[in-house]
Amino acid sequence: MPNVAFAHCAEEVRGHDPDRFFASLFTPAGKRPYLHALYAFNLEIARVREVVSDPMPGEVRLQWWRDELAGQARGDAEGHPVAAALRETVARFRLPVEALVALIDARSFDLYEDPMPSLGDLEGYCGETASALFRLASLILADGGEAGPADAAGHAGVAYGITMLLRAFPWHAARGQLYLPADVLARHGLSRMEALARDEAARLAPVLAEMRALAEDHRRKALAFIAEVPGAVRPAFLPLAVVAPYLARMERPYDPFRDLVEVPQWHRQWALWRLARRLG
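Residues numbered from 1 in each chain as written. Predicted model: local features only at pLDDT ≥ 70, side-chain atom pairs only at ≥ 80, totals over all residues. Heavy atoms only, no water.

Draft legend 1. Just the overall build of the protein chain, in detail. The number of helices and strands found in the protein chain is 15 helices and zero strands. Compactness check: the protein chain gives a C-alpha radius of gyration of 18 Å against a globular reference of 19 Å for 280 residues, within 12% of the reference. With the C-alpha coordinates aligned to their principal axes, the bounding extent of the protein chain is approximately 55 × 45 × 30 Å. Within the protein chain, the proportion of its 280 residues that are buried is 52%. The contacts in the protein chain between residues at least 6 apart in sequence include a share of 72% that link residues at least 24 apart. Carbon and sulfur atoms provide 54% of the accessible area of the protein chain, an area that totals close to 12,400 Å². (Helix = DSSP H or I, 4+ residues; strand = E, 2+ residues; numbered from the N terminus. Rg over C-alpha atoms; globule rule 2.2 N^0.38 Å. Buried < 20%, exposed > 50% of the residue type's maximum accessible area, 1.4 Å probe, protein only. Contact = heavy atoms within 4.5 Å. Areas by Shrake-Rupley, 256 points an atom, 1.4 Å probe, with all protein chains shown as cover.)

Quick look at the structure:
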């Protein structure tokens, strides 16, 4: 089961999270299956909203994963390839289960249309999701040992998380979700409903610009902290490479309600290669 489980994870990540998959190719071959298990787990949690019709079944799915991490899952836990691969990964590298549970808890926000109350709440959400993945990947590359300053993962995750939320704005807006913080909207004179209205796109532009600037600030801070990370651990941060190309693309005129911001795969892979060279 383990080899089959890890192969399944690799295929899931390659198909649905290609940036993290290609970034993993810059890591030692022996560590890649465990990174794929971590990233496949993230995909399982991130996609819950997409496969349920209302929040309750989504909460049930998230609870199953909490129970699995606690060793209490019922049903097909033994036959779930991602769960099997994650279980071995956690044990091998002594990954903190509480960080994985916190990621699940944070993702429960995705099941609802509740407003993101403040910028601090948004940074916290990114911290418990994207930052956690950077930190856990760092621990895998560090063999469960010293992975360097946690601030590297903290800033990298906020930069990556905000960028991907901005990119996903059309999807979220179409279903009435809004990750833009209420306090930022209020500072620009926008209510939640106005921010979700297509005819208010012009008024939304400065909000999106402020969020891009925030993501860029965290990206730069992350790179400074990554310089203090052990060399063997630095490839864990390579997914950060795609942030700058996406932010640059969003600086050009586009309709945030209709246009899915795309950066060609070759450009993203080139950015990964350049950051890999830079981090040495």
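Draft legend 2. Spotlight on the nonpolar core. Counting residues in hydrophobic clusters, the biggest one holds 99 residues, and the most contacted among them are F41, W65, I162, L180, L204, F237 and L240. A per-element tally of this core places helix α8 (residues 119-141) first, with eleven residues. Apart from the residues lying within four places of it in its own chain, the contact partners of L204 are F169, L180, L185, L190, A195, P256 and F257. (Core = buried A, V, L, I, M, F, W, Y, C linked by side-chain atoms within 4.5 Å.)

Draft legend 3. How the structure looks around the pattern of salt bridges. According to the stated counting rule, one finds 18 salt bridges in the structure shown. Residue E194 is joined to R203 by a salt bridge in which the shortest nitrogen-to-oxygen separation is 3.5 Å. You can call E194 partly exposed: its relative accessible area is 27%. By relative accessible area, R203 is classed as partly exposed at 33%. Linking R219 and E216 is a salt bridge whose minimum nitrogen-to-oxygen distance equals 2.8 Å. Placement of both R219 and E216 in helix α13 (residues 201-226) is noted, with a separation of three residues, approximately one turn of the helix. (Salt bridge = Lys/Arg side-chain N within 4 Å of Asp/Glu carboxyl O.)

Draft legend 4. Spotlight on the layout of surface pockets. Within this model, the largest pocket holds a volume of roughly 940 Å³. For the largest pocket, the lining is made up of 31 residues, of which A46, R107, M164, A168 and W171 are closest to its centre. Class assignment of the residues belonging to the lining of the largest pocket gives a composition of 14 nonpolar, five polar and twelve charged. Looking at the second largest pocket, its volume works out to about 240 Å³. Within the residue set of the lining of the second largest pocket, elements represented by two or more residues are α13, α14 (243-251) and α15 (265-279). Looking at which element gives the most residues to the lining of the second largest pocket, the answer is α15, with six residues. The residue inventory of the lining of the second largest pocket, partitioned by class, reads eight nonpolar, one polar and three charged. (1 Å grid on protein atoms, 1.4 Å probe; cavity = no way out; pocket = protein on both sides within 12 Å on 5 of 7 lines; lining within 4 Å. Points joined across faces, edges and corners; volume = space filled by probe spheres on them. Nonpolar A, V, L, I, M, F, W, Y, C, P; charged D, E, K, R; others polar.)

Draft legend 5. Layout of a nonpolar patch on the surface. Taken together, the side chains of L25, F26, W266, W270 and W273 make up a nonpolar region of the molecular surface, amounting to roughly 580 Å² of accessible area. Among the secondary structure elements, L25 is positioned in the loop between α2 (18-24) and α3 (32-46). (Patch = residues over 30% accessible without salt bridge, like charges linked within 9 Å, V, L, I, M, F, W, Y side chains within 5 Å.)

Draft legend 6. Quick peek at helix α5 (residues 55-69). Compared with the 21 Å implied by 1.5 Å per residue over 15 residues, the 21 Å span of α5 between its first and last C-alpha is a close match. The set of residues buried in α5 consists of G58, L62, W64, W65, R66, E68 and L69. The secondary structure elements touched by the buried residues of α5 are α3, α4 (48-51), α6 (81-93) and α7 (97-107). The residue sitting at the N-terminus of α5 and contributing the capping side-chain oxygen is D54; that oxygen lies 3.2 Å from the backbone nitrogen of M56. Of the residues trailing α5, G71 is marked for its positive phi of about 75 degrees. (Expected span 1.5 Å × (residues − 1). Polar contact = N/O pair within 3.5 Å; in protein donor to acceptor, adjacent residues only side chain to side chain.)

Draft legend 7. Examining the packing of helix α9 (residues 150-167) against α13 more closely. Running from amino to carboxyl end, α9 crosses α13 at an angle of 150 degrees, the nearest separation of the two axes being 7 Å. Taken together, the axes of α9 and α13 are roughly antiparallel relative to one another. In this structure, the crossing between α9 and α13 has a hand that is left-handed. Note on element contacts: α13 touches α9 through L208, M211, R212, L214, A215, H218, R219, K221, A222, F225 and I226, opposite D151, A152, H155, A156, V158, A159, I162, T163 and L166. Looking at the contact of α9 with α13, its residues break down into 13 nonpolar, three polar and four charged. (Axes fitted to C-alpha atoms, helices over the stretch in contact; angles between N-to-C directions. Parallel < 35°, antiparallel > 145°, perpendicular 65-115°, else oblique. Left-handed = near helix turned anticlockwise from the far one by under 90°.)

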